[in-house]
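Chains, contacts and geometry: an overview
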Amino acid sequence: MRLGVRLITGLIVGISLLTFLFARYEVRAEKEALRHDLFTRVDAIGQSLQQSAEPLLLAHLGRRLQIAINELKTRQDLYGVAIFNADGKPLLVTPSLDGQLDVAPVVVSEAVGQNKSLPQTLNWHGSPMMIYAAPLHGHGEEGVIGALAIFADMQYIEAQKSEIWRQVVTHVLLQVLVIVAITLLIVRWTIIRPMARTAQYLRALRTGKSSPRPPEFRDNDNLFRPLAQEVSHLTKSLNAARASAAEEARLREAGESIWTAERLRVQVQNRLKDSALFVVSNREPYTHVRRGKSWEAVVPASGLVTALEPILCACNGTWIAHGSGDADRETVDEHDRLAVPPDEPQYTLRRVWLSKQEEAGYYFGFANEGLWPLCHIAHTRPTFRAEDWACYQEVNAKFAEAVLREMEGTVDPALLVQDYHFALLPRLVKEKRPDARVAIFWHIPWPNPEAFRICPWERELLDGLLGADLIGFHIQAHCNNFLETIDKALECRIEWDSFAVNRHHHLTVVKPFPISVACNGNGAEGAVEAKASASLYLERASLLKQHGVEAAFMGIGVERVDYTKGILERFLALERFFDKYPEYRGRFTFVQVAAPSRTRIRRYQDLCDEIHRRAEEINWKFESGKWKPIVLLERHHSHEEIASYYRCADLCLVTSLHDGMNLVAKEFVAAREDDRGVLILSGFTGAARELRDALLVNPYDIEQMAEAIRYALEMDSAEREARMARMRRAVRENNIYRWAADLIAELSDIRIEKSVATGIE
Ligand code: G6P
């Protein structure tokens, strides 16, 4: 209220002051104009009187002159007229001036002295008066023989002035009234109302009595945009904190020890204490992409961000990654850093820039045409080129340099390197910073020693990796493969009982950490309450309708277009299924989300084309009316978009030919809060080790996969729910927070060999 009173008082004072100054100026100008007008009039009268008075005065015709001035007084709107001799003695005056002219006004003697007409304004017996004096001349040498004076009353000018002031005051009052009324209305509608709604919303949010609707601010309302953003952040933070507190309480109550983001945060702080934490990955957690004249921060669809972000937020760490967005350079400071998440900065993202040539050699070439097929063994020949290897070395060195610069001034830093893009990084960092605890997590499979031997730079890669104190894989089998590869390729001692490699007095522990998704007590984080099956049915129908399809059952597959994912094998299985079970034609549709990936590589382009062609062929073979067997969505989809497909699909197909873990399988399980939906899962995925209740298939066995689809669609609900419930428990217990917590715990337990660090044996 006080704000309103201050606003209105300010307005009144401001408007009044301005109007007053303006009125003063106007009154002055008006007064000046009237005075000038009066003078012009009196001057004209004076000149004509001068001409008629001079001969009469010379002829001593005083009586006629008296008559003339009397007449002039009555004809004109004048106060009086007087004739003086050269000494200023009054000779003749109009009756109005009788007894008032004992002494001539100063202006008369001045007019005589200067021999010219002059005006004077003065207060004449209580009234404002203009006196106009003009000299009267004799013959030739006689010069000035007297003067005439015309007295003009100026009272009407004063009256006019008062009238202007009166009008101004009235206007000011009216304006103030109107402006105050309009201001009050505007303030009420645009400030008080939204404020009151915001307050009401925040109160409801605080008390948690109902789930309030957030206040709406117009998009273009700059005044409230910062407030709206803050309210939205506050809501998110409060809801997250409440959900996490509720979850913690629920878990304590149930005696469960499930990992949550909050528990991970506490653990990271306890374990790392004052050690600065650094993460390196090729993909950055936030990419800035241009949108017209502005840009937008995009979170790439990567489980890595979900996994690592809580760790970095907990200890205000630094994430070093390749700046690949087209607006990335515009959003960093002079040290190539920026604070993220953009909405609520909690850690630092340090971007490393790569030239097109570096990216081509290191990322597309060595990492994705060499190591990726080498480790997956999915019948795509790895390509190793010397120039790609040179780029890979250069880029690893470039990242190492960036890491070392970021580590400057830190004591006992901890480094988490991610993936096959940085096999050389652990050694490069450890050589310069032996006090750092270094871990690398290999997100893809590790093949058997015979397969890995294909790589011409096998020993260099292994040596780089063994610079780390800890190497993580998804499953034990990959750890075993790795140790066997080391055993065959390098001179070192392998401690099989503790799964560690001892090389040049440095110990590297090798352990499995099965990566996962953010599934805690009630499913995927942020997931909505389990929907009733009827509403899921409607949601499914509406999803299919968006693609012009009607079907009673829906399957889902979500992949980057990659030859390791077995998408073509899956299509073959679908074709076989519709051939074998025609009763499902018109009733079951499979939606394949196929996000284009690494499209600069020929093999990936060809695969995109082939998947498109095969889907069209199968659709052409079976489609009828408003139904088709495959809906192929060839673009990147957000987590939210995919979540609705997961929630209402009858089955999910994951048919990778080989996969380190496969998070789609776990995301599908995490999304099924209704305990429905069947997962058909390739046995060649890391996930198959944990999700034993999926229908496990061999993706090369088309017949088996077709049978699995039929079995999934016909599975009775009790079995379906029991399987899903068990899988959900597995994912819940081994969620992403546990993965991160185990990794951090293992890393912080590592004993840094001070003798190596200091050079003392
Ligand atoms: C694999 C890798 C990840 C990578 C993902 C996407 O899962 O292990 O590290 O983020 O593929 O690949 P991209 O090349 O697009 O980063």
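Read on for an overview of the structure. (Residues numbered from 1 in each chain as written. Predicted model: local features only at pLDDT ≥ 70, side-chain atom pairs only at ≥ 80, totals over all residues. Heavy atoms only, no water.)

Looking only at helices and strands, one finds 22 helices and 25 strands in the protein. For a compact globule of 761 residues, the expected C-alpha radius of gyration is about 27 Å, and the protein comes in at 47 Å, more than 25% above that figure. The principal-axis extent of the C-alpha atoms belonging to the protein is close to 145 × 75 × 55 Å. When each of the 761 residues of the protein is scored for burial, the buried share is 51%. Accessible surface, the protein: about 36,800 Å² in total, of which carbon and sulfur atoms supply 53%. In the protein, the 92 positive side-chain charges and the 101 negative ones have mean positions that sit 4 Å from each other. (Helix = DSSP H or I, 4+ residues; strand = E, 2+ residues; numbered from the N terminus. Rg over C-alpha atoms; globule rule 2.2 N^0.38 Å. Buried < 20%, exposed > 50% of the residue type's maximum accessible area, 1.4 Å probe, protein only. Areas by Shrake-Rupley, 256 points an atom, 1.4 Å probe, with all protein chains shown as cover. Lys, Arg positive; Asp, Glu negative; His and termini not counted. Charge placed at Lys NZ, Arg CZ, Asp CG, Glu CD.)

Before going further, it helps to spend a moment on the packing of helix α6 (residues 261-272) against helix α21 (residues 736-749). Relative to each other, α6 and α21 sit at 5°, their axes nearing to 10 Å. Between α6 and α21, the crossing angle belongs to the class labelled roughly parallel. Facing α6, whose interface residues are Ala261, Leu264, Gln267, Val268, Arg271 and Leu272, α21 presents Tyr737, Ala740, Ala741, Ile744, Ala745, Ser748 and Asp749. Residue composition of the contact of α6 with α21, grouped by class: 9 nonpolar, 2 polar and 2 charged. (Axes fitted to C-alpha atoms, helices over the stretch in contact; angles between N-to-C directions. Parallel < 35°, antiparallel > 145°, perpendicular 65-115°, else oblique. Contact = heavy atoms within 4.5 Å. Nonpolar A, V, L, I, M, F, W, Y, C, P; charged D, E, K, R; others polar.)

Moving on to the state of the cysteines. As used in these notes, a disulfide is a covalent bond between sulfur atoms, one from each of two cysteines. Counted under the stated rule, the structure contains 0 disulfides. This cysteine, Cys313, is not joined by any disulfide, and Cys315 carries the nearest cysteine sulfur, 8.9 Å off. Looking at Cys455, it has no disulfide partner, and the nearest cysteine sulfur is the one in Cys375, 8.9 Å off. Judged by relative accessible area, Cys455 falls into the buried class, the value being 2%. (Disulfide = S-S within 2.5 Å.)

Scanning the entire structure with this criterion turns up 34 aromatic pairs. Taken together, a centroid distance of 4.6 Å and an interplanar angle of 45° make the contact between Phe366 and Tyr392 tilted. You can see Phe366 sitting in helix α8 (residues 356-376) and its partner Tyr392 sitting in helix α9 (residues 386-407), a full 26 residues away along the chain. We classify Tyr392 as buried; its relative accessible area is 0%. On the basis of an interplanar angle of 65° and a centroid distance of 6.1 Å, the ring pair of Tyr646 and Phe668 is categorised as edge-to-face. (Phe/Tyr/Trp six-rings, centres within 6.5 Å; stacked < 30°, edge-to-face > 60°.)

What follows covers the sheet that holds strand β21 (residues 588-595). Reading across the sheet, the 6 strands line up as β22-β21-β20-β23-β24-β25 and stay open at both edges, with parallel pairing between neighbours. The sheet terminates laterally at β22 (630-633) and β25 (695-697), the two strands that pair on one side only. Taken pair by pair, the neighbouring strands of this sheet meet at an average axis angle of 20°, ignoring direction. Here strand β23 (residues 651-654) pairs with strand β24 (residues 678-682) via 4 bridges, running parallel. Its bridge partner being in β24, Cys652 is matched across the sheet by Leu679. (Pairing = 2+ DSSP bridges.)

A separate point is the sheet that holds strand β3 (residues 118-124). Sheet strands associate in pairs through backbone hydrogen bonding, adopting either a parallel or an antiparallel arrangement. As summarised here, the arrangement of the 5 strands in space is β2-β1-β5-β4-β3, forming an open sheet in which the pairing is antiparallel. For this open sheet the edge positions go to β2 (90-93) and β3, each flanked by a neighbour on one side alone. Across the sheet, the axes of successive neighbouring strands diverge by a mean angle of 25°, strand direction being ignored. One ladder, built from 3 bridges, connects strand β1 (residues 80-85) with β2; its direction is antiparallel. Across the sheet, residue Ala82 finds its bridge partner in β2, namely Val93.

Moving on, we get to the site of the ligand. Around the ligand, the structure places Arg283, Tyr363, Trp372, Asp419, His443, Ile444, Arg560 and Arg598. At 2.3 Å, a side-chain N or O of Asp419 approaches an oxygen atom of the ligand. For the ligand, whose accessible area on its own is 380 Å², the fraction buried by protein is 78%. Class assignment for the residues of the shell around the ligand results in 3 nonpolar, 1 polar and 4 charged. (Near = heavy atom within 4 Å. Polar contact = N/O pair within 3.5 Å; in protein donor to acceptor, adjacent residues only side chain to side chain.)

Attention now goes to the nonpolar core. Among the nonpolar cores identified, the biggest contains 181 residues, and Phe482, Phe588 and Leu679 are the most heavily contacted of them. When residues of this core are assigned to their parent elements, the largest contribution, 10 residues, is made by α9. Once residues within four sequence positions are removed from consideration, Leu679 is found in contact with Cys652, Val654, Ala665, Phe668, Val669, Leu691, Ala694, Leu695 and Met727. In this structure, Ile45, Ile145, Leu148 and Ile157 belong to the second largest nonpolar core, which totals 25 residues. (Core = buried A, V, L, I, M, F, W, Y, C linked by side-chain atoms within 4.5 Å.)

A few words on the side chain of Ser748. Take Ser748: it is sitting in helix α21. Here the side chain of Ser748 touches Arg271 through a polar contact of 3.2 Å, side chain to side chain. If we ignore the near neighbours within four places in the chain, the residues touching Ser748 are Arg271 and Arg437.

A few words on helix α19 (residues 702-714). For α19, which comprises 13 residues, the first-to-last C-alpha distance of 19 Å matches the rise-based estimate of 18 Å (1.5 Å per residue) to within 8%. Where α19 is buried, its residues meet β20 (553-560), α15 (567-580), β21, β23, β24 and β25. (Expected span 1.5 Å × (residues − 1).)

Right, let's talk about the pairing of strand β14 (residues 470-473) for a bit. Every second residue of β14 is oriented toward a common face, with Leu470 and Gly472 on one face and Ile471 and Phe473 on the other, all of them buried. Sheet topology places strand β13 (residues 437-441) next to β14; 3 bridges connect them, and they run parallel. Opposite Ile440, over in β14, you have Ile471 as the bridge partner. Sheet analysis places β14 next to strand β17 (residues 506-512), joined by 4 bridges and oriented parallel. Within β17, the residue paired with Ile471 across the bridge is Val510.

There is a patch of nonpolar side chains on the surface, built from Leu177, Val178, Ile182 and Ile186 and spanning about 390 Å² of accessible area. For Ile182, the location among the structural elements is in helix α4 (residues 155-207). (Patch = residues over 30% accessible without salt bridge, like charges linked within 9 Å, V, L, I, M, F, W, Y side chains within 5 Å. Salt bridge = Lys/Arg side-chain N within 4 Å of Asp/Glu carboxyl O.)

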